[in-house]
Amino acid sequence: MTTSPSSALVTAFAPNGTLRASINLGNPILANKDDATGEPVGVSIDLAREFARRLGVGIELVVFEKAAASVDAVKNEKADIGFFAVDPARSEGLRFTAPYVLIEGSYLVPESSALTDNAQVDAKGHRISVGSGSAYDLFLTREIKQAEIVRLQGAGPALAALRAGAVEVAAGIRQLLEGEAARAPDVRVLPGRFMVIQQAMGTPASRGSEAQALLSSFVEEMKASGFVADALKRHRIEGAIVAP
């Protein structure tokens, strides 16, 4: 995206003259609320603002607490771009870029649990709590054969279910789970990861292949220039790396 986009492409992304960016606060690696102002801040917000600047338009942040709602906003054209984990279940109605950040998905268990390895989780009698519609939910729905998946309204309830003894395992972003384990000593994160989440940008499929190509070019430039790495460092994010 080294040259200015055509007016047709600007209109494709921002038909009303303002770029509406769908922001998911359910993924703290990419977006949070500023403690002082309450405004959304993070890597995805930085990317959204930079893309709007490149287009020469204003920006509106459309904020959600859950990934599924954020995805639906873009699919239903209530937002023009979004920041999602790439998953086949989300492909209909969306066009994705290549990933810009890779994030580990891990399991949290009680300290007293006999589980020591990710491979032991998928067994009869085990219940796994997960945020409904999240990347982990979509992945586990395909991969888990014997354990029961308990879908709850976001990461907070999924972690609370583990502490309450309603499930044996909670699935989520490794950084978030490590924070939960540090907060109270009676839970621990299993070693390693059960999946790698590819975080990409997306736009409604109706915007066309040229719009997807422009967004993809932007993402590649943001990775190559160090913009994404700088944003991760600026927001003090651990547990994520810039995608190749």
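Residues numbered from 1 in each chain as written. Predicted model: local features only at pLDDT ≥ 70, side-chain atom pairs only at ≥ 80, totals over all residues. Heavy atoms only, no water.

This next bit is on the nonpolar core. Among the nonpolar cores identified, the biggest contains 56 residues, and Phe13, Phe51, Ile81, Tyr100, Tyr107 and Ile128 are the most heavily contacted of them. Top element by residues in this core is helix 2 (residues 43–55). It accounts for 7 residues. Setting aside anything within four residues of it in sequence, one finds phenylalanine 13 in contact with Leu19, Phe51, Leu55, Asp80, Ile81, Thr203, Arg207, Ala211, Leu214 and Leu215. Of all hydrophobic cores here, the second largest spans 10 residues; its members include Ala161, Val167, Ala181 and Val189. (Core = buried A, V, L, I, M, F, W, Y, C linked by side-chain atoms within 4.5 Å. Buried < 20%, exposed > 50% of the residue type's maximum accessible area, 1.4 Å probe, protein only. Helix = DSSP H or I, 4+ residues; strand = E, 2+ residues; numbered from the N terminus. Contact = heavy atoms within 4.5 Å.)

Let us now look at the pattern of salt bridges. Tallying each qualifying case throughout the model produces 18 salt bridges. The salt bridge involving arginine 207 is made with glutamate 77; its shortest N-O contact spans 3.2 Å. Pair noted here: arginine 207 is in the loop between strand 12 (195–204) and helix 7 (209–224) and glutamate 77 is in the loop between helix 3 (67–75) and strand 5 (81–85), with a separation of 130 residues, a long-range link. One salt bridge in this structure joins aspartate 186 and arginine 163, with 2.5 Å as the shortest N-O distance. With a gap of 23 residues between them, aspartate 186 in the loop between helix 6 (174–183) and strand 11 (187–189) and arginine 163 in helix 5 (residues 155–163) connect regions that are remote in the sequence. Note on aspartate 186: relative accessible area 43%, which makes it partly exposed. Each member of the salt-bridge network shares a partner with another, and the members are Arg20, Glu77, Asp80 and Arg207. (Salt bridge = Lys/Arg side-chain N within 4 Å of Asp/Glu carboxyl O.)

With that settled, the discussion passes to the packing of aromatic side chains. Scanning the model with the defined rule gives 6 aromatic pairs in all. Centroid distance phenylalanine 13 to phenylalanine 51: 5.0 Å. Interplanar angle 85 degrees. Geometry classified as edge-to-face. Highlighted residues: phenylalanine 13 in helix 1 (residues 7–13) and phenylalanine 51 in helix 2, separated in sequence by 38 residues. Comparing phenylalanine 13 with phenylalanine 51 shows no difference in burial state: the two are buried. For the ring pair phenylalanine 83 and tyrosine 100, a centre distance of 6.3 Å and an interplane angle of 90 degrees mean the geometry is edge-to-face. A residue pair is termed long-range when its members are at least 10 positions apart, and phenylalanine 83 in strand 5 and tyrosine 100 in the loop between strand 6 (94–96) and strand 7 (101–110) qualify at 17 residues. Note on accessibility: phenylalanine 83 and tyrosine 100 belong to one class, buried. Members of the aromatic cluster, each reached through a chain of ring pairs, are Phe13, Phe51 and Phe218. (Phe/Tyr/Trp six-rings, centres within 6.5 Å; stacked < 30°, edge-to-face > 60°.)

Judged by how many residues are buried, strand 7 sits mostly within the fold: 8 of 10 residues are covered. When strand 7 meets strand 12, the two strands line up antiparallel, connected through 5 bridges. Considered in strand 12, the bridge of glutamate 104 is made with valine 196. In this sheet, strand 13 (residues 240–242) lies alongside strand 7 in antiparallel orientation, the contact comprising 3 bridges. Paired with valine 101 across the two strands is valine 242, which belongs to strand 13. In terms of strand pairing, strand 7 meets strand 10 (residues 169–173) through 4 bridges, oriented antiparallel. Along strand 10, the bridge assignment pairs leucine 108 with alanine 170. Taken together, the 3 bridges between strand 7 and strand 11 define a ladder with antiparallel strand orientation. Counterpart to leucine 108 in the pairing with strand 11 is valine 189. (Pairing = 2+ DSSP bridges.)

Let us now look at the environment of valine 101. Secondary-structure assignment places valine 101 in strand 7. Sequence separation between valine 101 and glutamine 212 is 111 residues, and the spatial gap between their C-alpha atoms is 18 Å. Ignoring anything within four residues of it in the chain, the contact list for valine 101 reads Ile197, Gln198, Gln199, Val228, Leu232, Ala240, Ile241 and Ala243.

Among the residues making up helix 3, those that are buried are Ser70, Val71, Ala73 and Val74. Looking down the long axis of helix 3, one finds its buried residues gathered within 155 degrees of arc, a one-sided arrangement. Buried-residue contacts for helix 3 involve strand 1 (18–24), strand 4 (58–64), strand 5, strand 6 and strand 12. (Arc of directions from axis to C-beta.)

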